[in-house]
Amino acid sequence: MTVRAHLLHAASLLAAALAWLSPGVGLGFDIEEEHVFPAVGGGSRSSELHILSTTDLDYFEPFVQAFQQSRPDVSIRYTVASSRAVFEAVSADAGVADVVVSSAMDLQIKLVNDGYAAQHDSAVVQSLPDWARWRSELFAYSLEPVSLVVSAAAFEGLDVPTDRQALFELLSAHPERFHGRIGTYDITRSGAGYLFATQDARRSETWSRLMQRFGELDVKLYCCSADMLDDVQAGRLALAYNVVGAYARASLGSDSAAFIAPLDDFTLVLQRTVFIPRLSRRRALAGVFVDYLLSDKARALQAEIAGAAPIDARTIAATPRLRPVGLGPGLLVYLDRMKRERFTRSWQAAVQR
Amino acid sequence: MGEPAAGSLARRLSLELAAIAALLSVLLYLAVRSLSTEAAVTTHDGILGASVEAIAEQLGTDGSGVLVDLPYGALAMLGAVSDDRVFYRITTARETLTGYDDLPLPERLPGPGETTFFNESYRGSPVRIAALSRRITVGSGSLGVVTLVAQTLDGQRDIVARVAGRATLLGAGSFALAGALGALAVARAVAPLRRVASALERRGAQDLTPLAEPLPRELAPLGAALDGFIGRLDASLERTETFIAEAAHHVRTPLAVVRTRAETALRQSGDSDVRATLRALVRAVDESARSADQLLEHAMVTHRSERMTRERLAIDDLLHRLLRSFEPLVELRDLQMRVTVEAGLHTVADRVQIETALRNLLDNALKYSSADSLIEVTAHRDHGGILISVRDQGRGLQGISVDRLTERYRRGSNVADVVGSGLGLAIVSQVASAHAGRFNIGAAPDRGTIACLWLPAAHS
């Protein structure tokens, strides 16, 4: 090696160290957390895959580690940001990540629709049902029902409602029991909440009357599902409407303080999606990761973490009440500025008297 | 016939038909493709138009400005058709109300209530755009609002590509089918020519009857020309043969007179030199007479080949009658003759010709056999025909190939002491070919010669 090569080598090592020490520097958007998983095989020839995600590190870490078992030469930088921040970062079109993972279906659709995604084709992708992929660019790697979670104590002596009409009637019949004890998303603060509300509105006539009743019963508005679940389990809420992540909570069950009440008229299914940005510098590697995330192996891991088998295409087909929010340009409608203003205004009018 | 310098008629026809088929296939492909493209575009435009109308219908006002309430179905319907990307824009002359504010407008805005469709490039992809104009009453005045809905063309291209694939198959298939049918038609068209050719080929050298094949009208002149030619050939041959027969006859009569005179002179002469000369003279005359006989026979056989009178012949009957006429000669030469004839053998042939051929074979066997030797005549079934063989224990064949023996005037190199014209085997060979039979002659296993004449058997 020449002196010059030594110097270059040292410089690159230094640059790598600096990059590792100062996560998120230069990304130009607000990040919540970031972690680098070094290549488990060590060696200097590792390549880094940058994942930009809305999912907490704790939840995602097992997947990253399992992937690194099969690809010990890959180090992974995992950045967590809000769905809005992820959207802004990708639409700035600066080549910010190699894989984008988000639960905000509508924003993901808009990014893909506006041309920020790269095509990815593989046997795994081909095996997905139509509603779980769009344009060979956006793929659903995880399905999660949006549920009604109720407190066992609050419903003592009452029939647990099995659809929205029954819930509406129950609330009308027992206003004193539920006053101030209903929780749902604040759609002005939560993109997910807004998505669920618009999808509810599209599917159900009862929904607007239900919101009206929520308003009358002084509904509590939340930013996040976790807080709602905590409050139901603690008995501060009688029910939480449109909650995600309930199935992942082992502490929810039929004999515990709170449980999931399935709604038979319909239960929305949120699709967590992944795509490879057009400007990814490691498209092939990103494709391998996406295939892993969609694989049976990852699904088995998901089951292990959740303690229950995750719902998949077969469950959806066998359970009529489960309605996946479809991937397609329809989701763009509710992102429309005027539509959003109008919808939010009427929601606010119903919920906040 | 010379080299087929003018090329193959069938190939030329086939090539021309193939070229026509190819042209039609290409036209079919282009037609299917353009029709399907048109259909795809029309369908696509229909859906884009429905989408833009659904949006424009929801345009309203709050008194001070235009309100847009994008219906979910307007964009979802586009998603139902294909996975194409979708863009929209709702704009007045002054500002974009909502949507993608850089989505291009048409060159000429459509009139109120009208929809126009145009192709553009947007965000690096070709898109189809539907634009609809509407006037909205806002306060005291009215405002022109243009609604645009655009969709990328991947889905449409997929359809067109798929149809193009099918059209290619269709074109290739129709080309293959037309090609095959064309080749079949060509084969059928040239079949009469082939039939004539093979009929001419099959026909024996002496068969100079007119063509019996029915010919299509186009080939009738060729048939007539051929028949005319055959007729002239026939007449010419007949003249030649008549001439030979007459010449032989004219030669034989004076020869008989010369022989009688020479024998008379031989009986009366006492001078041994003169007697030797006279004997040589008699021998020479015999030889000449024999030659003349065979020339006559040959002419007769040739002549009869053209107009044979075929009849059903019993081989055993024929052979025994013939052999009886040879008996005195056999005895005279102290020869033995063994005859083995299978019973029930029949052939359909010209009696005179077959008798002549067999007589020649027996004659040869007798001539070249030494005293006390055996002549074996057999007739038996062989390869669906009848094989008649004559075997002697004579001197055999020498100095000449078997093939050449059956040519006219050819004789072996070891027979100069025996009277012969070299016509005998030529006659046998000719009889064989006139009856679609075969003749060959060769050395017998230990010594002598074996001559075999094979004739087709009569259908029983």
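Fair warning: this is a prediction, and the values are worked out from it, not measured in the lab.

Basis of the calculations
Residues numbered from 1 in each chain as written. Chains lettered and ligands numbered in written order. Predicted model: local features only at pLDDT ≥ 70, side-chain atom pairs only at ≥ 80, totals over all residues. Heavy atoms only, no water. Helix = DSSP H or I, 4+ residues; strand = E, 2+ residues; numbered from the N terminus. Buried < 20%, exposed > 50% of the residue type's maximum accessible area, 1.4 Å probe, protein only. Contact = heavy atoms within 4.5 Å. Areas by Shrake-Rupley, 256 points an atom, 1.4 Å probe, with all protein chains shown as cover. Pairing = 2+ DSSP bridges. Axes fitted to C-alpha atoms, helices over the stretch in contact; angles between N-to-C directions. Phe/Tyr/Trp six-rings, centres within 6.5 Å; stacked < 30°, edge-to-face > 60°. Lys NZ or Arg CZ within 6 Å of the ring centre and 35° of its normal. Patch = residues over 30% accessible without salt bridge, like charges linked within 9 Å, V, L, I, M, F, W, Y side chains within 5 Å. Salt bridge = Lys/Arg side-chain N within 4 Å of Asp/Glu carboxyl O. Core = buried A, V, L, I, M, F, W, Y, C linked by side-chain atoms within 4.5 Å. Buried area = accessible area lost by both parts, 1.4 Å probe.

Visitor: Describe the overall build of chain B, with residues and values.
Guide: Secondary structure assignment for chain B yields 9 helices and 14 strands. For chain B, the proportion of its 460 residues judged to be buried stands at 38%. Taking as baseline every contact in chain B between residues at least 6 positions apart, the subset at least 24 positions apart corresponds to 64%. Surface exposure of chain B reaches about 25,000 Å², of which carbon and sulfur atoms provide 56%.

Visitor: Go over the environment of L322(B) with me, naming the residues and quoting the values.
Guide: Residue and element names in this part refer to chain B. Residue position: L322 is located in helix α6 (residues 315–332). For L322, a relative accessible area of 5% corresponds to the buried category. Taking the C-alpha atoms as reference points, L322 and L358, separated by 36 residues in sequence, lie 8.1 Å from one another. Look past the residues within four positions of L322 in its chain and what remains in contact with it is E355, L358, R359 and L362.

Visitor: Tell me what's going on with unusual backbone geometry, and back it up with residues and numbers.
Guide: Residue and element names in this part refer to chain B. One non-glycine residue, R123, adopts positive backbone phi at about 50°. With respect to the helices, strands and loops of the structure, R123 is situated in the loop between β5 (115–122) and β6 (125–138). According to the relative accessible area criterion, R123 is partly exposed, its value standing at 35%. Despite not being glycine, D334 shows a phi value in the positive range, around 55°.

Visitor: Describe the sheet that holds strand β9 (residues 220–222) of chain A, listing the residues and the values that go with them.
Guide: Residues and elements named next belong to chain A. What the 5 strands build is an open sheet, ordered β9-β8-β10-β7-β11; its pairing is mixed. Looking along the sheet, the strands with just one partner apiece sit at the ends: β9 and β11 (258–261). Adjacent strand axes in the sheet meet at a mean angle of 25° when their direction is disregarded. Both strand β8 (residues 182–185) and β9 contribute to a ladder of 3 bridges, which runs parallel. The partner of G183 across the bridge, within β9, is K220. Sheet contacts for helix α6 (residues 164–173): β7 (147–151), β8 and β10 (239–243); angle to β10, the most-contacted strand, approximately 150°.

Visitor: Before we move on, could you go through the packing of aromatic side chains and cite the residues and values that matter?
Guide: Within this structure, the stated rule accounts for 19 aromatic pairs over all chains. For the pair F87(B) and Y100(B), a centre-to-centre distance of 5.1 Å together with 85° between the ring planes defines the contact as edge-to-face. Here F87(B) is found in strand β3 (residues 86–92), whereas its partner Y100(B) is found in the loop between β4 (96–99) and β5, with 13 residues between them in sequence. With a relative accessible area of 0%, F87(B) lands in the buried category. With a relative accessible area of 6%, Y100(B) lands in the buried category. Joined through ring pairs, the aromatic side chains of Y59(A), F60(A), F63(A), F67(A), Y78(A), Y141(A), F289(A) and Y292(A) make up one cluster. Here the guanidinium or amino end of R438(B) rests over the ring plane of W454(B), the centre of that ring lying 4.5 Å away.

Visitor: Give a detailed account of a nonpolar patch on the surface, specifying residues and quantitative values.
Guide: Residues and elements named next belong to chain B. On the surface, L17, I20, L23, L24, V26, L27 and L30 cluster together to form a nonpolar patch covering roughly 650 Å² of accessible area. Tracing the backbone shows V26 in helix α1 (residues 9–57). The partly exposed category is assigned to V26, whose relative accessible area is 46%.

Visitor: Explain the nonpolar core to me, using residue names and the numbers behind them.
Guide: F178(A), L239(A) and Y241(A) are the most contacted members of the largest nonpolar core, which has 112 residues in total. Element by element, the count of residues in this core is highest for β6(B), at 7 residues. The contacts of L239(A), once residues within four sequence positions are left out, are L148(A), V149(A), V150(A), F155(A), L167(A), L171(A), F178(A), R181(A), I182(A), G183(A), F214(A) and V232(A).

Visitor: Requested: an account of the interface of chain B and chain A, with residues and values cited.
Guide: Listed per partner, the contact involves 24 residues of chain B and 20 residues of chain A. Across the chain B/chain A interface, buried area totals approximately 1,900 Å², and carbon plus sulfur atoms make up 48% of it. Sorting the residues of chain B by area buried against chain A places Y72(B), D83(B) and R85(B) first, and these three jointly supply 34% of that buried surface. Summed over the shared surface of chain B and chain A, the result is 3 salt bridges.

Visitor: Any chance you could break down the pattern of salt bridges for me, citing the residues and the numbers?
Guide: Residues and elements named next belong to chain A. Throughout the structure, instances matching the rule amount to 27 salt bridges over all chains. One salt bridge connects R77 with E48, and the closest N-O pair in it is separated by 3.3 Å. Here E48 lies in strand β2 (residues 47–53) and R77 lies in strand β3 (residues 74–80), a separation of 29 residues in the sequence. In this structure, D200 and R164 form a salt bridge, with 3.7 Å as the shortest nitrogen-oxygen distance. Linking D200 in helix α8 (residues 191–203) with R164 in helix α6, this pair joins segments that are 36 residues apart in sequence. Each member of the pair, D200 as well as R164, carries the same accessibility label: buried. One salt-bridge network, in which partners are shared between bridges, spans E34, E48 and R77.

Visitor: Residues and numbers for the pairing of β4(B), please.
Guide: Examined bridge by bridge, β3(B) and β4(B) share 3 bridges and lie antiparallel to one another. Across the sheet, residue T91(B) finds its bridge partner in β4(B), namely T96(B).

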